[in-house]
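# Descriptive structure summary
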Amino acid sequence: TRRNPLLRGSIRNLTIDNLTPAHLVVGFLEGTVAELQQLYEEMKSVLLKEPDFLVGSGNGLRKNRIWRDITEDMFGMQLQMTANLEEAACGAAVFASNSIK
């Protein structure tokens, strides 16, 4: 987890019917979104207004409709992707341009 990097995950409740690559991938995607959703719930008390939608970034979300659907379902909000591609590179460029004196 982001809060405790020493914590390790587990895979539970495996059966002959659900031990498939698809079930494993969906489980991992749900786990990543669940962690972010928990952090969001903890910070809601300091928000001035509850957001109307989510903003997502990164090619993982951009190229994976299932991950976006899971995110929208777990947060109960529509997910909008950023307009810029390669957000990390754009952010690094903005940071670098602001660092030049």
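Residues numbered from 1 in each chain as written. Predicted model: local features only at pLDDT ≥ 70, side-chain atom pairs only at ≥ 80, totals over all residues. Heavy atoms only, no water.

### Focus: a nonpolar patch on the surface
Together, Ile11, Leu14, Leu19 and Phe28 give the surface a local cluster of nonpolar side chains, amounting to about 420 Å² of exposed area. We classify Leu19 as exposed; its relative accessible area is 53%. (Patch = residues over 30% accessible without salt bridge, like charges linked within 9 Å, V, L, I, M, F, W, Y side chains within 5 Å. Areas by Shrake-Rupley, 256 points an atom, 1.4 Å probe, with all protein chains shown as cover. Salt bridge = Lys/Arg side-chain N within 4 Å of Asp/Glu carboxyl O. Buried < 20%, exposed > 50% of the residue type's maximum accessible area, 1.4 Å probe, protein only.)

### Some words on the nonpolar core
Core analysis: the largest hydrophobic core is formed by nine residues, namely Leu29, Val33, Tyr40, Leu54, Leu61, Ile70, Phe75, Met77 and Leu79. For this core, the secondary structure elements donating two or more residues are helix 1 (21–43) and helix 3 (65–75). Element by element, the count of residues in this core is highest for helix 1, at three residues. (Core = buried A, V, L, I, M, F, W, Y, C linked by side-chain atoms within 4.5 Å. Helix = DSSP H or I, 4+ residues; strand = E, 2+ residues; numbered from the N terminus.)

### Thoughts on the packing of aromatic side chains
Under the definition given, this model contains one aromatic pair. With centroids separated by 5.5 Å and ring planes inclined at 55°, the aromatic side chains of Tyr40 and Phe75 adopt a geometry described as tilted. Of this pair, Tyr40 sits in helix 1 while Phe75 sits in helix 3, placing them 35 residues apart in sequence. Under the relative-accessibility criterion, Tyr40 is labelled buried at 8%. (Phe/Tyr/Trp six-rings, centres within 6.5 Å; stacked < 30°, edge-to-face > 60°.)

### Details of helix 3
Of the positions making up helix 3, those classed as buried are Arg68, Ile70, Thr71 and Phe75. Mapping the buried residues of helix 3 onto a view down its axis gives an arc of 160°, with all of them on the same face. Residues of helix 3 that are buried in the fold lie against helix 1, strand 1 (53–56), helix 2 (59–62) and strand 2 (78–81). Capping of helix 3 at its N-terminal end is provided by Asn64; its side-chain oxygen lies 3.1 Å from the backbone amide nitrogen of Ile66. Remark: Gly76 follows helix 3 within two positions and exhibits a positive phi of approximately 70°. (Arc of directions from axis to C-beta. Contact = heavy atoms within 4.5 Å. Polar contact = N/O pair within 3.5 Å; in protein donor to acceptor, adjacent residues only side chain to side chain.)

So, to be careful, I would describe these as geometric facts and stop short of saying anything about function.
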